[in-house]
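Here is what each chain is made of, one letter per residue.
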Amino acid sequence: MNNLTSYVVQTYQMLGQLPLWELQRVADAIWEAYQRDATIFVCGNGGSAATASHFACDLSKWTINPQARRVRAIALTDNVPLITAWSNDQEYADVFVEQLQALYRDGDIIIAISGSGNSANVVRAIEWGNRVGAVTIGITGRDGGRLYRIAKIGLHVKNNFMPLIEDIHSIVCHALAVNLGRQIEASLQPVMLQAKAVGGQQ
């Protein structure tokens, strides 16, 4: 088995080991956030920063339905001037929590993505979220780290190889965005059927 085939096989095996009950808990929290018109904040570092940005994009755009209210989703990784300002003037560990203090509203949810689960800035964001009563979600790898232990809802990819962890995280985020879009569409069916019935009586 060559290296390329081995990597693909390992990715397939990791997907088979994904804790689906944890994934469902995350999906439920996101759906509930949408129902109460809450904002979904996402953050991460490095490859996880890219995943966070991609996830917020998909939550915002993939889920659009002309009949429904749009999803509020913000990646705290996207404002580079603000991130560098906080890093320069204060410390990098505060780049997410300082943004949250300006943007967070009661009922919002905070999703932190970290392969190690120990990055100080995502841990601080979740700790702050817990203090203010936010729904906090940690998507992690390796042994889960502190992030998995303190987040109210956790999704743990049990692997130590960062590229594999990040691949599974990306698939998870795509699955969550697609699922939310379909939930929004399904929620509209009774309304559309009722509208057709009323129209048929006129």
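As shown above, the structure is provided for reference.
Residues numbered from 1 in each chain as written. Predicted model: local features only at pLDDT ≥ 70, side-chain atom pairs only at ≥ 80, totals over all residues. Heavy atoms only, no water.

Undergrad: Can you break down the overall build of the protein chain residue by residue, with the values?
TA: Scanning the protein chain from N- to C-terminus turns up eight helices and five strands. N-terminal to C-terminal, the α/β element order of the protein chain is α-α-β-α-β-α-α-β-α-β-α-β-α. Over its C-alpha trace the protein chain gives a radius of gyration of 18 Å, about what one expects of a compact globule, namely 17 Å for 202 residues. Buried residues in the protein chain amount to 47% of all 202 residues. For the protein chain, restricting intrachain contacts to residue pairs at least 6 apart in sequence, the fraction spanning at least 24 positions comes to 70%. Summed over its atoms, the accessible surface of the protein chain is roughly 10,500 Å², and 54% of this surface lies on carbon and sulfur atoms. Charge centroids of the protein chain, computed over 16 positive and 17 negative side chains, lie 6 Å from each other. (Helix = DSSP H or I, 4+ residues; strand = E, 2+ residues; numbered from the N terminus. Rg over C-alpha atoms; globule rule 2.2 N^0.38 Å. Buried < 20%, exposed > 50% of the residue type's maximum accessible area, 1.4 Å probe, protein only. Contact = heavy atoms within 4.5 Å. Areas by Shrake-Rupley, 256 points an atom, 1.4 Å probe, with all protein chains shown as cover. Lys, Arg positive; Asp, Glu negative; His and termini not counted. Charge placed at Lys NZ, Arg CZ, Asp CG, Glu CD.)

Undergrad: A description of helix H2 (residues 20-35) should follow, citing residues and the corresponding values.
TA: Since the α-helix advances by 3.6 residues per turn, residues separated by three or four positions end up pointing in the same direction. Spanning 16 residues, H2 covers 22 Å between terminal C-alpha atoms, matching the ideal 22 Å at 1.5 Å per step. For H2, every residue scored as buried is listed here: Glu22, Leu23, Val26, Ala27, Ala29, Ile30, Trp31, Ala33 and Tyr34. Once H2 finishes, Asp37 follows within two positions and takes phi at roughly 60°, a positive value. (Expected span 1.5 Å × (residues − 1).)

Undergrad: Please give an account of the nonpolar core that cites residues and values.
TA: Counting residues in each nonpolar core, the largest one holds 37 residues, and the members touching the most others are Ile30, Ile40, Phe55 and Ile111. Apart from the residues within four sequence positions on either side, Phe55 is in contact with Ile30, Val42, Ile111, Cys173, Leu176 and Ala177. Grouped together as the second largest cluster of nonpolar side chains are 20 residues, Val95, Ile110, Val123 and Ala125 included. (Core = buried A, V, L, I, M, F, W, Y, C linked by side-chain atoms within 4.5 Å.)

Undergrad: How would you sum up the sheet that holds strand E4 (residues 135-140)? Please name residues and give values.
TA: One key point about sheets: their strands pair by backbone hydrogen bonds, in either a parallel or an antiparallel sense. Spatial ordering of the open sheet is given by E2-E1-E3-E4-E5, a layout of five strands whose pairing is parallel. Because the sheet does not close on itself, it has two edges, and the strands there are strand E2 (72-75) and strand E5 (153-156). The mean angle between the axes of side-by-side strands here comes to 15°, regardless of whether they run parallel or antiparallel. When strand E1 (residues 39-44) meets strand E3 (residues 109-114), the two strands line up parallel, connected through five bridges. Paired with Val42 across the strands is Ile111, a residue of E3. Along the sheet, helix H6 (residues 120-132) contacts E1, E3 and E4; its crossing angle with E3, the most-contacted strand, is approximately 155°. (Pairing = 2+ DSSP bridges. Axes fitted to C-alpha atoms, helices over the stretch in contact; angles between N-to-C directions.)

Undergrad: Lay out the packing of aromatic side chains with the relevant residues and their values.
TA: According to the stated counting rule, one finds three aromatic pairs in the structure shown. Residues Tyr7 and Phe161 carry aromatic rings whose centres are separated by 6.4 Å and whose planes lie at 70° to one another, so their mutual orientation is edge-to-face. Highlighted residues: Tyr7 in helix H1 (residues 3-16) and Phe161 in the loop between E5 and helix H8 (162-201), separated in sequence by 154 residues. Judged by its relative accessible area of 43%, Phe161 is partly exposed. Ring centres 5.7 Å apart and planes at 25° place the aromatic pair Trp31 and Tyr34 in the stacked group. Taken together, the residues Trp31 and Tyr34, both in helix H2 and three residues apart, mark about one turn of the helix. (Phe/Tyr/Trp six-rings, centres within 6.5 Å; stacked < 30°, edge-to-face > 60°.)

Undergrad: So what's going on with the pairing of E5? Which residues, and what values?
TA: Across the two faces of E5 the burial is the same, with Ile153 and Leu155 and Gly154 and His156 all buried. With four bridges connecting them, E4 and E5 associate as parallel partners. Bridge assignment links Gly138 to a residue of E5, and that residue is Gly154. Taken together, E4, helix H7 (residues 145-150) and E5 constitute a β-α-β crossover, and its handedness is right-handed. (Right-handed = clockwise from strand over helix to strand, strands pointing away.)

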